[in-house]
Amino acid sequence: MEVRDCLISAPGKAILHGEHAVVHGKVALAVSLNLRTYLKLKARSDGKVCINLPNIDTFVCWELSELKQLTSSKLQRLDAELVKRLRKFIGVTNENLDSSASAILAFLYIYLSLFGSGDMPSLTVSVWSELPTGAGLGSSAAYSVCLAAAFLCATGNIPTPLKEWEQTGRWCQEDLELINSWAFQGEKIIHGNPSGVDNALLLENHPLIIRVPLLRILLTNTKVPRSTKVLVARVKDKINKFPSVMIPVLDSVDAISCTCEKVLTEMTCEPITGDHYNILEELIDINQHHLNVIGVGHPSLDMLCQVTAARGLHSKLTGAGGGGCGITLLRPGAGTMKDLRDCGYDCWETSIGGPGVQQHFPSSVKEEIMEVLNRY
Ligand SMILES: Nc1ncnc2c1ncn2[C@@H]1O[C@H](COP(=O)(O)OP(=O)(O)OP(=O)(O)O)[C@@H](O)[C@H]1O
Ligand SMILES: C[C@@](O)(CCO)CC(=O)[O-]
Ligand SMILES: [Mg+2]
C-alpha cells in the first residue's frame with residue numbers, strides 16, 4: 001500500500017484538578033500546554049517498518065513479512081489476543097512494561113489493527129517530544145494521538161487538512177473523533193485503564209476542556225520517575241480496600257473541580273481580583289492533601305509545596321503523581337523560582353490552551369525539532 005508522508009504534532013496537558021478521580025467517573029479540568037510531541041511519517045519501498053523514538057532511546061525495524069504473521073482484522077476495541085501475540089513477539093513477560101516496550105506495543109497495536117487485514121504499508125515513524133516522558137504532562141496521550149493521526153492521514157482514512165497557503169492544518173470534529181478513538185487504544189496499552197481525559201485534549205471543544213483566563217502557571221518536574229499505570233492501579237486497590245473512606249474523597253475532588261471551573265469562568269467574564277486567586281489557591285491546597293490521602297503523593301512533591309509555600313505560592317501534583325510534575329499558580333507579578341532549581345528540579349513557566357492535534361508543513365516546525373526528526 002502507498003502511503004503519504006506527513007508531519008503531525010499534538011500537545012501535552014496539565015490537569016488543574018481531578019486526576020485519578022476522573023478514572024472513577026468524576027469531573028477533571030485539563031488544559032493543553034504549549035509543549036508538543038512531533039511525529040514524522042515517511043513511506044519506504046524496502047518492505048520494512050521502522051520506528052525511531054529518540055526520547056526513550058528506542059530504534060527498531062521489522063520486516064513486513066514478520067508483522068504479517070501477527071495480523072488481525074480491523075478492530076476498534078482493545079483485542080486482548082492481539083496484545084498477547086504482540087507481547088510475545090517483542091519478548092515481554094512481566095505485567096508492567098518499561099517505556100520502550102509500552103511505546104513499541106502501542107505503535108504495533110495501532111498499526112496492525114488499522115492495516116493488519118489488508119495491504120500493509122512499509123514506512124518509518126520518528127517521534128520527538130518537547131514534553132518530559134512519563135512525568136504527568138500527558139506524553140503518552142500526545143504520542144498515541146500523533147500515531148493515530150499519522151496512520152489515518154497517511155492512508156487516506158482522513159483527509160490532509162493542509163492547504164497550500166497555510167502552514168498548519170486541523171481536522172474537522174468527525175475526523176478528530178476517529179483519531180481520538182484510535183489514540184485511546186494506544187493509551188489503554190500504555191496506561192492500562194485510562195479515563196481518556198489526556199487524549200481528549202485534541203478535541204478542542206470537548207466538554208472536558210474548559211475556557212480559562214490567561215493564568216500564569218509554573219510547571220516543575222521533580223524528575224522522580226513513575227508509571228501512570230502503576231499509580232492508577234494503586235488508587236483502585238485503595239478504593240476497593242476502603243470504599244467508604246475513599247469514595248467521599250473522590251466526591252470532594254469532584255466538588256473541587258466544579259468549584260474551580262466556576263471561578264475560572266467568572267475570571268473570564270469579570271475583572272480578576274485577589275479573591276479569585278485566594279479561592280484557586282485554597283482549592284489547590286485541599287486537592288493536594290486529597291491526592292496524598294489516595295496514595296499518589298511523593299516526598300519530592302511535598303518539597304515542591306514547601307518551597308513554593310515559603311514564597312506564598314500554592315502547588316499541587318499534576319497527572320498521575322508519585323513524582324513527575326507539579327503545577328504552581330503564579331499570581332501576577334510573582335517571580336519564578338530559583339529555589340526549585342536548587343532542589344535539582346526542572347521548572348518552566350508555561351502558557352496554557354495551545355492548539356490540539358495538527359498537521360504541519362515542515363517549514364512551520366521549529367528548526368531544532370526538524371533537525372532531530374530529519375536524522376532518521
Ligand atoms: N516521545 C515519546 N516517544 C516514545 N514514547 C513515548 C513518548 N512520550 C511518551 N511515550 C510513551 O509513554 C510512556 C509514558 O506514559 P505515562 O502515561 O506513564 O506518562 P505521561 O503520559 O507522561 O504522564 P501522565 O499520564 O501522568 O500525564 C513512556 O514510557 C512511553 O512508553
Ligand atoms: C491519573 C490520570 O487521571 C491522569 C493522567 O494524566 C489517569 C487517567 O485519567 O487516565
Ligand atoms: Mg500518560
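Reading the values: rules and limits
Residues numbered from 1 in each chain as written. Chains lettered and ligands numbered in written order. Predicted model: local features only at pLDDT ≥ 70, side-chain atom pairs only at ≥ 80, totals over all residues. Heavy atoms only, no water. Disulfide = S-S within 2.5 Å. Helix = DSSP H or I, 4+ residues; strand = E, 2+ residues; numbered from the N terminus. Buried < 20%, exposed > 50% of the residue type's maximum accessible area, 1.4 Å probe, protein only. Phe/Tyr/Trp six-rings, centres within 6.5 Å; stacked < 30°, edge-to-face > 60°. Donors = N, O, S within 2.8 Å, 3.2 Å for Na, K, Ca; no water. Pairing = 2+ DSSP bridges. UniProt positions renumbered as here; feature names shortened; annotations may be inferred. Near = heavy atom within 4 Å. Polar contact = N/O pair within 3.5 Å; in protein donor to acceptor, adjacent residues only side chain to side chain. Areas by Shrake-Rupley, 256 points an atom, 1.4 Å probe, with all protein chains shown as cover.

Draft legend 1. Inspection of the state of the cysteines at higher detail. Taken as a whole and assessed by the stated rule, the structure comprises one disulfide. Covalent S-S linkage joins cysteine 50 and cysteine 61, the inter-sulfur distance amounting to 2.0 Å. Taking the sign of the torsion about the S-S bond as the criterion, the disulfide between cysteine 50 and cysteine 61, at about 105°, is right-handed. Remark: cysteine 61 occurs in strand E4 (residues 58-63) and cysteine 50 occurs in strand E3 (residues 48-53); sequence separation between them is 11 residues. Cysteine 50 gets classed as buried once you look at its relative accessible area, which sits at 3%.

Draft legend 2. Representation of the packing of aromatic side chains in the model. Applying the stated criterion to the full structure yields seven aromatic pairs. Ring centres 5.8 Å apart and planes at 70° place the aromatic pair tyrosine 111 and phenylalanine 151 in the edge-to-face group. Here tyrosine 111 is found in helix H3 (residues 99-115), whereas its partner phenylalanine 151 is found in helix H4 (residues 139-154), with 40 residues between them in sequence. Considered together, tyrosine 111 and phenylalanine 151 belong to a single accessibility category, that of buried residues. With a relative accessible area of 0%, phenylalanine 151 lands in the buried category. By way of ring pairs, the aromatic residues Trp62, Phe107, Tyr111, Phe115 and Phe151 are connected into one cluster.

Draft legend 3. The coordination of the magnesium ion (ligand 3), seen in detail. The coordination sphere of the magnesium ion (ligand 3) contains the protein donors Ser140 (OG) and His191 (NE2), at a distance range of 2.1 to 2.2 Å. Here the residue serine 140 occupies a position in helix H4, and histidine 191 occupies one in helix H5 (residues 173-191), the gap between them amounting to 51 residues.

Draft legend 4. Local environment of the environment of glycine 196. Assignment of secondary structure puts glycine 196 in the loop between H5 and helix H6 (197-200). With 136 residues separating them along the chain, glycine 196 and proline 332 place their C-alpha atoms 33 Å apart.

Draft legend 5. Spatial organisation of the pairing of strand E8 (residues 314-317). Burial along E8 is two-sided: His314 and Lys316 facing one way and Ser315 and Leu317 facing the other are all buried. Here E8 runs beside strand E9 (residues 325-330); their pairing, made up of four bridges, is antiparallel. Across the sheet, lysine 316 pairs through a bridge with isoleucine 327, a residue of E9.

Draft legend 6. Just the UniProt feature "domain: GHMP kinase N-terminal" (unreviewed entry) in the protein, in detail. Mapped onto this numbering, the UniProt entry annotates "domain: GHMP kinase N-terminal" (unreviewed entry) at residues 118-200. Along residues 118-200, the helical share is 47% and the strand share 11%, with 29 Å between the first and last C-alpha atoms.

Draft legend 7. View of the site of ligand 1. Lining the immediate environment of ligand 1, one finds 25 residues, of which Lys13, Ser99, Ser139, His191 and Arg226 sit closest. Measuring from a nitrogen atom of ligand 1, one finds a side-chain N or O atom of asparagine 55 at 3.1 Å. Interatomic distance of 3.4 Å between a backbone N/O atom of alanine 103 and an oxygen atom of ligand 1. Within the complex, 96% of the 640 Å² of free accessible area of ligand 1 lies under protein.

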